[in-house]
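# Overview (structure and organization)
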Amino acid sequence: MKARIKFRKYGIMRFIGHLDVMRYFQKAMRRADIPIAFTGGYSPHMIMSFAQPLGIGITSDGEYLDIELTESISSEAAVGRLNQVMAEGIDVVSFVQISEDKKESGMTIVAAADYEVTLLLSAKSMEETVPVPEEWKEKLAAFLEKTELKVLKKTKRSEKEVNIRPMIQEMELTEAGIRMFLSAGSEENLKPDLVMETFLKDMGLPAEKYPFHIHRRDIYAKTPQGGYLPLEDLGTLVP
Amino acid sequence: MRKLALNDEILLKIEKPARYIGGEVNSVMKDKEQVDIRFAMCFPDVYEIGMSHLGIQILYDMFNRRDDVWCERVYSPWTDLDKVMREEKIPLFALESQDPVREFDFLGITIQYEMCYTNILQVLDLSGIPLDAEERTWEDPIVIGGGPCTYNPEPLAEFFDLFYIGEGETVYDRLFDVYKEVRARGGSRQEFLEAAAEIEGIYVPSFYETTYHEDGTIRSFDPVNPHAKPVVHKQVVMEMQDTTYPEKPVVPFIKVTQDRVVMEIMRGCIRGCRFCQAGMLYRPTRERDVEVLKDYAYKMLRNTGHEEISLSSLSSSDYSELKELVMFLIEEFKDKGINISLPSLRIDAFSLDVMGKVQDIRKSSLTFAPEAGSQRMRNVINKGLTEEMILDGAGQAFEGGWNKVKLYFMLGLPTETEEDMRAIPELADKIARRYYEIPKDQRNGKCQVTTSTSFFIPKPFTPFQWAKMYTNEEYIGKAAVVKRGFQDQLNRKSLKYHWHDAEVTVLEGVMARGDRKVGRVIREAYRLGCLYDSWSDLFDNDKWMQAFENTGIDIGFYNLRERSLDEVFPWDFIDIGVTKSFLKREWERAMKGEVTPNCRMQCSGCGVAKWKGGVCVEGKN
């Protein structure tokens, strides 16, 4: 059986990088005695994959990992057992059964992610936020008006110029800050910090004067109809 | 939620912020208002090293079992954060509460190797605690040192209020009770130190004075406070079943050096190698009960979620229930994806069988530590390993499918000749020859014999504590002899050779057998910017040499003399149970190349039998 776990990452856990979160969950599975399946071979490892890495410093209400199980376990028991062994800063939100089809795994179906960016009084703390300046509303409209937003995107190997505009699905000012709905996944992936940098540059504002915090709200898959669904909605609760 | 000592901007700028945030699974949180004693337990090196140390885990667990004590952890900030903390005047803090170390009642520092001494000063300095114990007030914690280097605490004497000599399980409770009593009645710091000096195993360095002969050696070392005793007795636990063990070790968020469950199966070693300090300090050999260990294995794996378990001891092959324990671990955990790691096993039929079960033979290598190349030299150091045993073991391993061997040796041992040095590559070559004796169609490609040499450093409380060391240039010369020797070997293409740094060896030698005067060099080296000296990329020998020059301390005095048998050593006031007369006897036997049998074969009367426990009473009750 395959299952999808949704979790929140907050507090001090935002300083733990993606690879260490993977290690953390491997150990957590053992502590919670989840009947997880292993690969074969001389050094077997747990069958576990994360939907989308989360950068250091970012908090999230919607992170996902898919696992394979050797026997069924109820959603309630799994969530309960996992939460008993969590460190402060990671909470398991849900546990659902998902399709056995490899093409349906979290990693392959990710299409978009929803973010909330808050402006901070200082980079020293994410606790003290400041409201988004009134005039940004118009500037954002003008920003989104453009059909091309060319940005130099750096990867580990190369640098290339890409147009990020098509990857910004939605972007709006909210009471808390700026909400962004961005393309994500293996085909097209846009990071919110790059959007913020581009937006600030577009407004002619110095990035260092506007420290911000990023919070991921959820990760989405595309439905055959063209809409978006949070990854957890593609699974079913295990009674 | 806990407030972190470092702000987000700093944490996102430095390497591995997880080193400084605490909050790990199984870390202990308490209400600071509800405890009487706050103890900051420090390993003066980076988090990944410090978190891997078993001793601290044992004490952390033991202290936190007391309701009136909250023990937290402290490590050396890495150089990036060190710089930020100095610039922004951020005091060093403990991981759990994130409170400044200076607010604590105790700062306990474990001193595991000599090259961490400048890091100790860093920890004190960043905490805002005066480096000089004499300048401290009740505004500062009591700074107490423990661990193997405290068996010669003198180079560090001026920086510590107390040293705990021996195993932590015995008198910490009494020390805490005395502390509470003195604080409750509003006693002075001096009164506390005096009361602590009355506890067996506690050494208060400020209560002693040293006088020197004209040649720099010690004339006398005496207590100058009526509460201090002339001899400090090492603390030792005789009943291992009475000790506690951390069933819920802290699980780091980041990968640390020992990212696994570690089970201590035994303390001490029966072997009596004459260069080995641990083998003398931790006598007598005491085993933990195998049934208790099985239970610990279950609990610790369950409570941590680690995917590996390892056994810890000085010589696991001498643990009498090893077979039982290892078979149990394999049967219980192998199928659950748990790796079983077995360090320090002697290579024999049993260990090869077990290793074949727990590791991938093609990828793993076998380790031998002959320590010396020639049989004569091995007899001098009392390493009871013959060439025949090594070649037999290697042969069996090669036939079992292994083709990688690692060999460890020491250079600069007492009485060493060029012939002894050349015997190292010769032995490596004989092992390779043994491999190529196997018919070609039955072997697994070429073999790889990797030889490493380190330079021998005489340590206190060993039969070699009288031995002389060499200069940097002489050490390099010795390594060159070995290197040339390798070039002459038939199978040189299958042999690799590495040698350790000589500069660090020289320094470690001074620290290991130094007296109180050496404290000045450590302080000066730290002032000049030395830090993380055990990290080869950060070690700066020029600064250390400058520190010796600035303080007028002569390296030759500490390293290049063979000490006379009647010389008073800085560590003579400590009684480790093993007598000086036994060590002298062993030194003399070494000079004659005479081997001394191990504790199970025959008691050699080292002195620890007075405690009537462990291997000394095995088979006698």
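Where an unreviewed UniProt entry is consulted, chain A appears under the name TIGR03936 family radical SAM-associated protein, with the organism given as Merdimonas faecis.

### Here we look at the overall build of chain A
Scanning chain A from terminus to terminus reveals 5 helices and 13 strands. Radius of gyration (C-alpha) of chain A: 19 Å, near the 18 Å computed for a compact globule of 239 residues. Once the C-alpha set of chain A is aligned to its principal axes, its extents read approximately 55 × 35 × 35 Å. Each of the 239 residues in chain A was classed as buried or not, and the buried ones make up 32%.

### As for the interface of chain B and chain A
Often the size quoted for an interface is simply the accessible area lost on bringing the parts together. With 25 residues of chain B at the interface, the matching set in chain A holds 24 residues. Take the side of chain B that touches chain A: its biggest share by element is 4 residues, from helix α1 (residues 8–13) of chain B. Partitioning the side of chain B that touches chain A into residue classes produces 11 nonpolar, 7 polar and 7 charged.

### Details of the sheet that holds strand β17 (residues 448–455) of chain B
Residue and element names in this part refer to chain B. Taken together, the 4 strands give an open sheet; going across it, the order is β15-β16-β17-β18, and neighbouring strands pair in parallel fashion. The sheet is open, and its two borders are formed by β15 (366–371) and β18 (495–499), each paired with just one other strand. Each strand of the sheet is rotated relative to its neighbour by a mean of 20°, with strand direction disregarded. Across 4 bridges, the pairing between β15 and strand β16 (residues 404–411) is parallel. The residue of β16 that forms the bridge with T367 is K406. Helix α15 (residues 472–487) contacts β16, β17 and β18 of the sheet and is inclined by roughly 175° relative to β18.

### A look at the domain arrangement of chain A
Residues and elements named next belong to chain A. Taken domain by domain, chain A comprises domain 1 (2–108 + 230–237) and domain 2 (110–228). With 14 residues of domain 1 at the contact, the number on the domain 2 side is 11 residues. Listing elements by their share of the side of domain 1 that touches domain 2, those giving two or more residues are β3 (59–68) and α3 (106–109). Of the residues forming the side of domain 1 that touches domain 2, the biggest block, 5 residues, is contributed by β3. Of the residues belonging to the side of domain 1 that touches domain 2, the class tally is 8 nonpolar, 5 polar and 1 charged.

### A few points about the packing of helix α17 (residues 518–527) of chain B against helix α18 (residues 541–551) of chain B
Residue and element names in this part refer to chain B. Taken N-terminus to C-terminus, the directions of α17 and α18 make an angle of 130°; their axes are 8 Å apart at the nearest point. Here α18 runs oblique to α17, going by the angle between their axes. Along this stretch, α17 crosses α18, giving a crossing that reads as right-handed. For the pair formed by α17 and α18, the contact residues are R520, V521, E524 and A525 on the first element and K543, W544, A547, F548, N550 and T551 on the second. Taken together, the residues that form the contact of α17 with α18 break down as 5 nonpolar, 2 polar and 3 charged.

### Regarding the environment of I390(B)
All names here are of chain B. Take I390: it is sitting in helix α13 (residues 387–399). Residue classification places I390 among the buried residues on the basis of 21 C-beta atoms within 10 Å. When the C-alpha positions of I390 and A369 are compared, they lie 9.4 Å apart, and in sequence the two are 21 residues distant.

### Here we look at the UniProt feature "domain: DUF2344" (unreviewed entry) in chain A
Mapped onto this structure's residue numbering, the UniProt feature "domain: DUF2344" (unreviewed entry) falls at residues 2–192 of chain A. Helix makes up 20% of residues 2–192 of chain A and strand makes up 37%, while its end C-alpha atoms are separated by 30 Å.

### Overview of the domain arrangement of chain B
Segmenting chain B into domains produces domain 1 (8–233) and domain 2 (260–359 + 577–621). For domain 1 of chain B versus domain 2 of chain B, the distance between C-alpha centres works out to 29 Å.

### Things to note about the pairing of β17(B)
Residue and element names in this part refer to chain B. Covered by surrounding structure in β17 are V449, T451, T453 and F455 only, the residues Q448, T450, S452 and S454 on the alternate face being uncovered. With 8 bridges joining them, β16 and β17 adopt parallel strand pairing. Paired with F409 across the bridge in β17 is T453. On the question of chirality, the crossover connecting β16 to the parallel β17 by way of helix α14 (residues 418–436) is right-handed. Looking at chain direction, β17 and β18 are connected through 5 bridges and run parallel. Paired with T450 across the bridge in β18 is K496.

### Focus on the packing of α15(B) against helix α16 (residues 502–512) of chain B
Residue and element names in this part refer to chain B. Contact pair α15 / α16: the axes reach a minimum separation of 9 Å and the direction vectors enclose 130°. The angle between α15 and α16 places the two elements in the oblique class. Here α15 runs over α16; the crossing is right-handed. Where α15 approaches α16, its residues N472, Y475 and I476 are matched on the opposing element by A502, E503, T505 and V506. Across the contact of α15 with α16, the residue classes break down as 4 nonpolar, 2 polar and 1 charged.

### So, the nonpolar core
In a soluble, globular protein the nonpolar side chains are often hidden away together inside. All names here are of chain B. One finds A40, V74 and L162 to be the most contacted residues of the largest nonpolar core, which totals 205 residues. Apart from residues no more than four positions distant in its own chain, V74 is found in contact with A40, M41, C42, L92, A94, L95, V101 and V123. Counting residues in each nonpolar core, the second largest holds 17 residues, with M263, I265, L293 and I340 among its members.

### Points about the pairing of strand β13 (residues 308–312) of chain B
Residue and element names in this part refer to chain B. On β13, burial follows the alternation: I309 and L311 on one face are buried, whereas E308, S310 and S312 on the facing-out side are not. Relative to β13, strand β10 (residues 261–264) is paired through 4 bridges, and the arrangement is parallel. Bridge pairing in β13 links E264 to S312. With 3 bridges joining them, β13 and strand β14 (residues 339–341) adopt parallel strand pairing. Within β14, the residue paired with S310 across the bridge is S341. One crossover worth recording links β13 to the parallel β14 by way of helix α10 (residues 322–333), and it is right-handed.

### Overview of the sheet that holds β14(B)
Residue and element names in this part refer to chain B. Overall, parallel pairing links the 3 strands, which are arranged β10-β13-β14 in an open sheet. Two strands in the sheet have a free side with no partner beyond their single neighbour: β10 and β14. Direction aside, the axes of adjacent strands within the sheet are offset by 20° on average. Running at roughly 160° to β10, helix α9 (residues 290–304) makes contact with β10 and β13 of the sheet.

### Brief notes about the confidence of the model for chain B
Mean pLDDT over chain B stands at 95; residues scoring 70 or higher make up 100%. Across the predicted assembly, pTM comes out at 0.96 and ipTM at 0.95.

The rules behind these values
- Residues numbered from 1 in each chain as written.
- Chains lettered and ligands numbered in written order.
- Predicted model: local features only at pLDDT ≥ 70, side-chain atom pairs only at ≥ 80, totals over all residues.
- Helix = DSSP H or I, 4+ residues; strand = E, 2+ residues; numbered from the N terminus.
- Rg over C-alpha atoms; globule rule 2.2 N^0.38 Å.
- Buried ≥ 20, exposed ≤ 12 C-beta atoms within 10 Å, placed from the backbone.
- Contact = placed C-beta atoms within 7 Å.
- Nonpolar A, V, L, I, M, F, W, Y, C, P; charged D, E, K, R; others polar.
- Pairing = 2+ DSSP bridges.
- Axes fitted to C-alpha atoms, helices over the stretch in contact; angles between N-to-C directions.
- Domains from an automatic or database assignment.
- Parallel < 35°, antiparallel > 145°, perpendicular 65-115°, else oblique.
- Left-handed = near helix turned anticlockwise from the far one by under 90°.
- UniProt positions renumbered as here; feature names shortened; annotations may be inferred.
- Right-handed = clockwise from strand over helix to strand, strands pointing away.
- Core = buried A, V, L, I, M, F, W, Y, C linked by C-beta atoms within 7 Å.
- pLDDT = per-residue confidence, 0-100.

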